[in-house]
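Fold and contact review
So you can see what is in the structure, the chains are spelled out below.
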Amino acid sequence: MFSALLRVLIVEDQATDLELTIHLLRKSGFEPAWRNVHGRSEYLKALEDPPDVILADFTLPGFDALEALRLLHERDLDIPFIVVSGTISEEVAVECMKLGASDYLLKDRLSRLGPAISQALEKKRLRDEQKVSQAQLRLLSSAVEQSTEGVGVSDLDGNLLYANKALAAMHGYTQAELRSRHVSLFYSPDFLHLLEAAHKQVLLTGEYTGEFPRLVRDRPAFPSLTHLSLLKNEQGHPTGIVRTVRDISIQKQAERKIRDLLEHLRLSNRDLAASYDATLEGWVRFLDLRDHATEGHTKRVADLTLALADRIGYTAADRIHLRRGALLHDIGKMGIPDSILQKPGPLNDEEWEIMRRHPDFAHEMLAPIGYLQPALDIPKHHHEKWDGSGYPDNLSGTEIPLAARLFAIADVWDALKSDRPYRSAWPEDQIVEYFKDEAGKHFDPEYVPVFLDFVASR
């Protein structure tokens, strides 16, 4: 739909004909912004601001429509041009059309003026669209030729119709050498079945992307990322396949370097972790030497804690921190005097006050060590109790970290099963009853049954 406003250049020297033309324009639904000229110089001046349409009497004194059309052509102006004349021969009409006139009308048949203008403007719109499309095509062709990615077009059978410079060069050919060659030229026989599968997929779904090693004349093959897309005509029927190829050799080299680096880091981290754990084992042995009464307790209780953790689905990563925390649970006792730590009998109130500080000593020792921070829950909180009567922070219930709750069960179990200077080991049935009584008091009631089930099945 065209706007009713129409900029019209009228080449006419008869006032009555000019008035009639303007009347017919308005009657046809246009609102003309018109300019009237009589001769060549006025006409050229008017073309400096090109109108939407030109309506020209065929013959004016010293100037005619043929010359007006030639002047348009010389200036490469595409303006709909309609010849209006009282009389015109067929030969002259043909000459006008050859020079680019959109139509010619006789003055006694100007009722056709509105439709003629609409038709001329529509043709102009289509020409403009075609010019844009052609310009875009030229731009696209230029971009494809300048692209560093290989671009090719084949028919549906895989015969190349076009290959840009990059596609030819990356395979060691000229563009002319690739014309009409089959795309299987680029692939090792071992990969032709993959090429066939790719063609089937692009015909079925419209596109395909995959990695292929591609052959190069007189050079080693290179890895490529290939994208195929279906080319269709205006009716939607497939006519060919567009192929975009990217050499990913550098990317693959980088990936290999990254994999090698990650493997090196993995091995280095494994060695570093082994060194860390060896250090922890050394600390534990040192602590056992100071406290003969609990020798072997640390390893046993660590194993029991991990077994309980397995029962409730601990991850491998969490198990690492759980084991380290279990091994270090009494590391704070390094800050306890030997007179208290190695006392053969029960501790008095003052001595217990000092002994109960060993979780805080552990936290002070371990917190500055970054890799041990995830393992701090057990050394810091393994003496907390479910009912809040434990130490050092009087935490209760689920305020107590899960690792510390699990460890407390294993720790007390092993302690009661072991001889100490101030008492003998308890029978297992007595320990089981104790645990049942202490579920919900000392221990997390959810995990006591799980633990007892585990020890009964050993």
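As a reminder, the structure under discussion sits directly above these lines.
First, a word on scope: everything that follows refers to the structure included in this document. Predicted model, so just to flag it, every value in this text is computed and none were measured.

**Considering the nonpolar core**
Residues Leu322, Ile409, Trp413, Phe435, Phe451 and Leu452 are the most contacted members of the largest nonpolar core, which totals 29 residues. Among the elements of the structure, α10 (297-311), α11 (316-327), α16 (402-417), α17 (428-438) and α18 (448-457) are those that each provide at least two residues to this core. In terms of residues, this core owes the most to one element, α16, which gives eight residues. If we ignore the near neighbours within four places in the chain, the residues touching Leu322 are Thr305, Leu306, Ala309, Tyr314, Ile378 and Ala403.

**A look at the packing of aromatic side chains**
Across all of its chains, the model carries eight aromatic pairs by this definition. With a centroid separation of 6.2 Å and an interplanar angle of 75 degrees, the aromatic rings of Tyr434 and Phe435 are classed as edge-to-face. Under the relative-accessibility criterion, Tyr434 is labelled partly exposed at 26%. Feature note: the residues Trp413, Trp426, Tyr434, Phe435, Phe443, Phe451 and Phe454 constitute an aromatic cluster, connected by ring pairs.

**Topic: the sheet that holds strand β10 (residues 207-216)**
Read across the sheet, five strands follow the order β9-β8-β12-β11-β10 without closing on themselves; strand pairing throughout is antiparallel. Looking at the sheet topology across the chains shown, the edges are occupied by β9 (160-163) and β10. When strand polarity is set aside, the average angle formed by the axes of neighbouring strands in this sheet is 25 degrees. Pairing analysis gives three bridges linking strand β8 (residues 150-154) to β9, with the strands arranged antiparallel. Counterpart to Ser154 in the pairing with β9 is Leu160. Against the sheet, helix α8 (residues 192-205) contacts β10, β11 (219-232) and β12 (238-247), and its axis sits at roughly 155 degrees relative to β10.

**Quick look at empty space enclosed by the protein**
Counted by the stated rule, this structure contains four cavities of 30 Å³ or more. Put simply, the largest cavity is a space of about 70 Å³. Surrounding the largest cavity, Ile10, Val11, Glu12, Asp17, Thr21, Leu55, Ala56, Asp57, Val84, Lys107 and Leu110 form its lining. Elements represented by at least two residues in the lining of the largest cavity include exactly β1 (5-11), α1 (15-27) and β3 (53-57).

**Here's the deal with α8**
Here α8 contains 14 residues, and its C-alpha end-to-end distance of 20 Å stays within 8% of the 20 Å for a straight helix at 1.5 Å per residue. Among the residues making up α8, those that are buried are Leu195, Ala198, His199 and Val202. Burial along α8 is one-sided: seen end-on, the buried residues are contained in an arc of 100 degrees. Exposed and oriented more than 90 degrees from the buried face of α8 are His193, Lys200, Leu204 and Thr205. Lining the buried residues of α8 we find β10, β11 and β12. Once α8 ends, the next one or two residues include Gly206, with phi positive near 100 degrees.

**Points about the pairing of β12**
Examined bridge by bridge, β8 and β12 share five bridges and lie antiparallel to one another. Bridge assignment links Ser154 to a residue of β12, and that residue is Ile241. Alignment of β11 against β12, held across nine bridges, turns out to be antiparallel. The residue of β12 that forms the bridge with Ser229 is Val242. Joining the antiparallel neighbours β11 and β12 is a turn of five residues, in which Gly236 adopts a positive phi near 85 degrees.

**Here we look at the sheet that holds β3**
A sheet is described by the order of its strands in space; here five strands give the open sequence β2-β1-β3-β6-β7, paired in parallel fashion. Edge positions in the sheet fall to β2 (31-37) and β7 (103-106), since each has one partner strand and no second. On average, each strand axis in the sheet is tilted by 25 degrees relative to the strand beside it, whichever way the strands run. In terms of strand pairing, strand β6 (residues 81-85) meets β7 through four bridges, oriented parallel. Considered in β7, the bridge of Val83 is made with Tyr104. Across the sheet, α1 is in contact with β1, β2 and β3; its angle to β2 comes to roughly 160 degrees.

**A word on the pattern of salt bridges**
The final tally for this structure, using the stated rule, is 21 salt bridges. Between Arg112 and Asp103 there is a salt bridge, and its shortest N-O distance comes to 3.2 Å. In this structure Arg112 comes out as partly exposed when scored by relative accessible area, which is 42%. For Arg125, the salt bridge goes to Glu122, with nearest N and O atoms at 2.6 Å. Within this pair, Arg125 and its partner Glu122 are both found in helix α5 (residues 113-146), separated by three residues, close to a single helical turn. Taking relative accessible area as the criterion, Arg125 reaches 34% and is therefore assigned partly exposed. When its relative accessible area of 29% is taken as the criterion, Glu122 is described as partly exposed. In this structure, a network of salt bridges that share partners links the residues Arg7, Asp49 and Asp52.

Reading the values: the criteria
Residues numbered from 1 in each chain as written. Predicted model: local features only at pLDDT ≥ 70, side-chain atom pairs only at ≥ 80, totals over all residues. Heavy atoms only, no water. Core = buried A, V, L, I, M, F, W, Y, C linked by side-chain atoms within 4.5 Å. Buried < 20%, exposed > 50% of the residue type's maximum accessible area, 1.4 Å probe, protein only. Helix = DSSP H or I, 4+ residues; strand = E, 2+ residues; numbered from the N terminus. Contact = heavy atoms within 4.5 Å. Phe/Tyr/Trp six-rings, centres within 6.5 Å; stacked < 30°, edge-to-face > 60°. Pairing = 2+ DSSP bridges. Axes fitted to C-alpha atoms, helices over the stretch in contact; angles between N-to-C directions. 1 Å grid on protein atoms, 1.4 Å probe; cavity = no way out; pocket = protein on both sides within 12 Å on 5 of 7 lines; lining within 4 Å. Points joined across faces, edges and corners; volume = space filled by probe spheres on them. Expected span 1.5 Å × (residues − 1). Arc of directions from axis to C-beta. Salt bridge = Lys/Arg side-chain N within 4 Å of Asp/Glu carboxyl O.

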